[in-house]
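Residue-level listing of the chains:
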Amino acid sequence: MTRDAKPARAAGGGEDGAGTPVGRRVVLGMLAAGAAGVATAPFLQRAYDSTLGAAAQKDPTGLSGLLPGGGGFRYYSVTGSAPEKDAHNYRLTIDGLVRHRTSYRLADLRGLPQTRLVRDVQCVTGWRVPGTPFEGVRLSALLDAAGVRPEARAVRFTCFDGAYSESLTLEQARRDDVLVALRMQDKPLAHAHGGPVRLYVAPMYFYKSAKWLSGITVTDRVEPGYWEDRGYDVDAWVGRSNGRDDAPTT
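Below: a short report on this structure. Nothing here was measured: the structure is a model prediction, and the numbers come from that model. (Residues numbered from 1 in each chain as written. Predicted model: local features only at pLDDT ≥ 70, side-chain atom pairs only at ≥ 80, totals over all residues. Heavy atoms only, no water.)

The subject of this paragraph is the side chain of Arg-198. With respect to the helices and strands, Arg-198 occurs in strand β9 (residues 198–201). Judged by relative accessible area, which is 0%, Arg-198 ranks as buried. Engagement of the side chain of Arg-198 in a polar contact is seen with the backbone oxygen of His-193, the distance being 2.7 Å. Within the structure, the side chain of Arg-198 is placed 2.7 Å from the backbone oxygen of Ser-209, a separation counted as a polar contact. (Helix = DSSP H or I, 4+ residues; strand = E, 2+ residues; numbered from the N terminus. Buried < 20%, exposed > 50% of the residue type's maximum accessible area, 1.4 Å probe, protein only. Polar contact = N/O pair within 3.5 Å; in protein donor to acceptor, adjacent residues only side chain to side chain.)

Following this line, the structure appears as structure tokens:
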């Protein structure tokens, strides 16, 4: 498969992107419903977003993925559902080629120094959400605390949906604009957006920003992630990969 011939996405996917193609009347009707939701009072919009996120988690058709969610995002999952985690049962494990295997609770992550970034979010399917704030712990700080071994070359990310994975080179993972994110749009990450913790890789297409993050494993080589195994680029720089020429997000 060539780089420009991307595989069709399943109903639900790794980033907050589009779903399965459907008939024109259905699309127009759903877009009208989305527009009506956006036009409502703020409390109604929040209820709309919450309902849409819950529906998308159990939607095998992908129809809910065509509706815009909060702030222009679209809900997307490769499994159709993911268990919900909170401060009582969430754990983030750091292991592999490190000197100190570590497990963080949500409270532990919240207690570390936080970095706030405001960047555009660009989906490889074409939609873009400008000026989106993300806040969390720099991934480089967690790697430093774990003590990366000299033979390490890459980092692999796994998620508690049981299916999704991603990878970065160690150099990419140490960038200042790569976060283990706890907040988005100045509020705690909602479950539908990958909460309570997700990866955020600001300069890359949004499929690299793995939702429902549960594991960080330091490795000796890059291991292609879920969508890379299906034809997407491993190095997913916005505007310089996947056959696209979008404006950079940094």
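Structure shown, so let's carry the discussion forward.
Looking now at the pattern of salt bridges. If you walk through the whole model with that rule in mind, you get 12 salt bridges. When the shortest N-O distance is used, the salt bridge between Arg-183 and Glu-135 registers 3.7 Å. You can see Arg-183 sitting in strand β7 (residues 178–184) and its partner Glu-135 sitting in strand β4 (residues 128–138), a full 48 residues away along the chain. Its relative accessible area of 29% is what places Arg-183 among the partly exposed residues. When its relative accessible area of 22% is taken as the criterion, Glu-135 is described as partly exposed. With a closest N to O distance of 3.0 Å, Glu-228 and Lys-208 form a salt bridge. A residue pair is termed long-range when its members are at least 10 positions apart, and Glu-228 in the segment after β10 (213–219) and Lys-208 in the loop between β9 and β10 qualify at 20 residues. Both residues of the pair, Glu-228 and Lys-208, count as buried. Beyond isolated ion pairs, a larger network of salt bridges with shared partners links Glu-166, Lys-208 and Glu-228. (Salt bridge = Lys/Arg side-chain N within 4 Å of Asp/Glu carboxyl O.)

One finds Leu-92, Leu-139, Leu-143 and Ile-216 to be the most contacted residues of the largest nonpolar core, which totals 45 residues. For this core, the elements supplying multiple residues, two or more each, are β1 (91–96), α3 (106–110), α4 (139–146), β5 (154–159), α5 (170–173), β7, β9 and β10. Top contributing element to this core by residue count: α4, with 4 residues. Those residues in contact with Leu-92 that lie beyond four places of it in its chain are Thr-102, Ser-103, Tyr-104, Leu-109, Leu-142, Val-180, Leu-213, Ser-214, Gly-215 and Ile-216. Of all hydrophobic cores here, the second largest spans 14 residues; its members include Phe-73, Val-129, Met-184 and Leu-189. (Core = buried A, V, L, I, M, F, W, Y, C linked by side-chain atoms within 4.5 Å. Contact = heavy atoms within 4.5 Å.)

On to α4, then. Because an α-helix packs 3.6 residues into every turn, residues spaced three or four apart end up facing the same way. Residues Leu-139, Ser-140, Leu-142, Leu-143 and Ala-146 constitute the buried set of α4. Relative to the axis of α4, the buried residues are bounded by an arc of 160° and lie together on one face. (Arc of directions from axis to C-beta.)

Taking strand neighbours across the sheet as the criterion, the 5 strands line up as β2-β1-β10-β5-β6 in an open arrangement whose pairing is mixed. Across the chains shown, the open sheet's two edge strands, defined by having one partner strand only, are β2 (102–105) and β6 (165–169). Across the sheet, the axes of successive neighbouring strands diverge by a mean angle of 15°, strand direction being ignored. With 6 bridges connecting them, β5 and β10 associate as antiparallel partners. Bridge pairing in β10 places Thr-158 opposite Gly-215. (Pairing = 2+ DSSP bridges. Axes fitted to C-alpha atoms, helices over the stretch in contact; angles between N-to-C directions.)

Turning to the pairing of β6, a few remarks are in order. Of all 5 residues in β6, 4 are buried, a share of seventy percent or more. Of the pairings in the sheet, the one linking β5 to β6 comprises 5 bridges and is antiparallel in character. Looking at the pairing, Ala-154 lines up with Thr-169 of β6. Counting the residues in the hairpin turn of β5 and β6 gives 5 residues, including Gly-162, whose phi is positive at 85°.

So, on to the packing of aromatic side chains. Under the criterion given, the structure shown has 7 aromatic pairs. For the pair Tyr-226 and Trp-227, a centre-to-centre distance of 5.2 Å together with 85° between the ring planes defines the contact as edge-to-face. Joined through ring pairs, the aromatic side chains of Tyr-164, Tyr-207, Tyr-226, Trp-227 and Tyr-232 make up one cluster. Over the aromatic face of Phe-160 sits the side chain of Lys-85, whose NZ or CZ is 5.7 Å from the ring centroid. The ring of Tyr-226 has Arg-230 sitting right over it, with the charged end atom 3.7 Å from the ring centre. (Phe/Tyr/Trp six-rings, centres within 6.5 Å; stacked < 30°, edge-to-face > 60°. Lys NZ or Arg CZ within 6 Å of the ring centre and 35° of its normal.)

Scope: geometric values only; no functional claims are made or implied.
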